[in-house]
Amino acid sequence: MPQQLIDGNREWVERMNREDPQFFSTLASGQKPRYLWIGCSDSRVPANMIADKLPGAIFVHRNIANLVVETDLNLLSVVYYAVHFLEVEHIIVCGHYSCGGIKAALDTKPLGFLDGWIGLIRNVYTKNRKALDNIEDPVERERAFTEINVKQQVKNLSRIQFVRDRWANGERPHIHGMVYDVADGLLRDLEVNVKSAAEADAL
Ligand code: CO
């Protein structure tokens, strides 16, 4: 029932206004987020909430399995805006365990319309087959694939020319890979960090 969303919103506005009467008027003057978050659409992984950040803190792009596809006009526009206009300091690519997109990519079951997108995730597996095929335990393999997928998307992001142009001028963003565990609520730093073309090429 959409009314539940409206009711929830009204309660939230009241609470926010109680805590900080200037909160909404300050936000109305513009945004200056330090972070761009590229995460999964999964309802259990809301960027602001899991990082305990208020509106205004994080510019967000989400899709199934947090992919960075070089032909995705939507994603590229978000990244361009974040980098050139908002001048975000950090881009976080965040995967998560128990990801439906990752699970679907590990399976061969046809999914109709979704096969196009899931195929892109399967390509990530194919690219990293050597490392993944050797992992016998299916749960471990799925977790490893989730992490490798994040690393691959950080790589993809670091190949975007307008990101490289910024680095060539000694400018931000820094890119970081993280993974979120829906089972314990913890965000883990995968220690995949890139702030230059040289670092990206060494990944
Ligand atoms: Co997911």
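Just so it is clear, the structure is predicted and the values come from calculations on it, not from any experiment. (Residues numbered from 1 in each chain as written. Predicted model: local features only at pLDDT ≥ 70, side-chain atom pairs only at ≥ 80, totals over all residues. Heavy atoms only, no water.)

Visitor: When you look at the sheet that holds strand 5 (residues 186–194) in this model, what are you seeing that I'm missing?
Guide: Pairing between the strands of a sheet is mediated by backbone hydrogen bonds and can be parallel or antiparallel. Here five strands make up an open sheet; going across it, the order is 2-1-3-4-5 and the pairing mixed. The sheet is open, and its two borders are formed by strand 2 (58–63) and strand 5, each paired with just one other strand. For this sheet, the mean angle separating the axes of adjacent strands, direction not counted, is 25°. Pairing of strand 4 (residues 174–181) with strand 5 involves seven bridges; the strand directions are antiparallel. Within strand 5, the residue paired with V179 across the bridge is R188. Sitting on the sheet, helix 4 (residues 73–85) is in contact with strand 1 (35–40), strand 2 and strand 3 (90–96), with an inclination near 170° to strand 2. (Pairing = 2+ DSSP bridges. Helix = DSSP H or I, 4+ residues; strand = E, 2+ residues; numbered from the N terminus. Axes fitted to C-alpha atoms, helices over the stretch in contact; angles between N-to-C directions. Contact = heavy atoms within 4.5 Å.)

Visitor: Could you clarify how one ought to interpret the coordination of the cobalt ion in this entry?
Guide: In a perfect tetrahedron of four donors around a metal, the angles come out at 109.5 degrees. In a perfect octahedron of six, they are 90 or 180 degrees. Coordination sphere of the cobalt ion, protein contribution only: C40 (SG), H96 (NE2) and C99 (SG), at 2.0 to 2.3 Å. Donor residues binding the cobalt ion come from one chain and are separated in sequence as C-x55-H-x2-C. Taken together, the residues C40 in strand 1 and C99 in the loop between strand 3 and helix 5 (100–106) connect sequence positions 59 residues apart. Like C40, the residue C99 is buried in the burial classification. (Donors = N, O, S within 2.8 Å, 3.2 Å for Na, K, Ca; no water. Buried < 20%, exposed > 50% of the residue type's maximum accessible area, 1.4 Å probe, protein only.)

Visitor: I tried to follow the nonpolar core on my own but got confused; where do I start?
Guide: Where a protein is soluble and globular, its nonpolar side chains tend to be buried together. By size, the foremost hydrophobic cluster in this structure holds 28 residues, and its most contacted members are L36, I38, V79, I91, L157 and I175. Only strand 1, helix 4, strand 3, helix 8 (138–158), helix 9 (161–168), strand 4 and strand 5 provide two or more residues apiece to this core. Look past the residues within four positions of I175 in its chain and what remains in contact with it is I91, V154, L157, S158, V163, W167, V192, N193 and V194. Formed by 15 residues, the second largest nonpolar core is a distinct cluster that contains A65, L67, A104 and F145. (Core = buried A, V, L, I, M, F, W, Y, C linked by side-chain atoms within 4.5 Å.)

Visitor: Help me out: how do you make sense of the pairing of strand 3 in this one?
Guide: Across the seven residues that make up strand 3, a large majority, seven, are buried. Both faces of strand 3 are covered, namely the face carrying H90, I92, C94 and H96 and the face carrying I91, V93 and G95. Here strand 1 runs beside strand 3; their pairing, made up of five bridges, is parallel. What sits directly across from Y35, in strand 3, is H90.

Everything listed is a geometric property; what it means functionally is a separate question.
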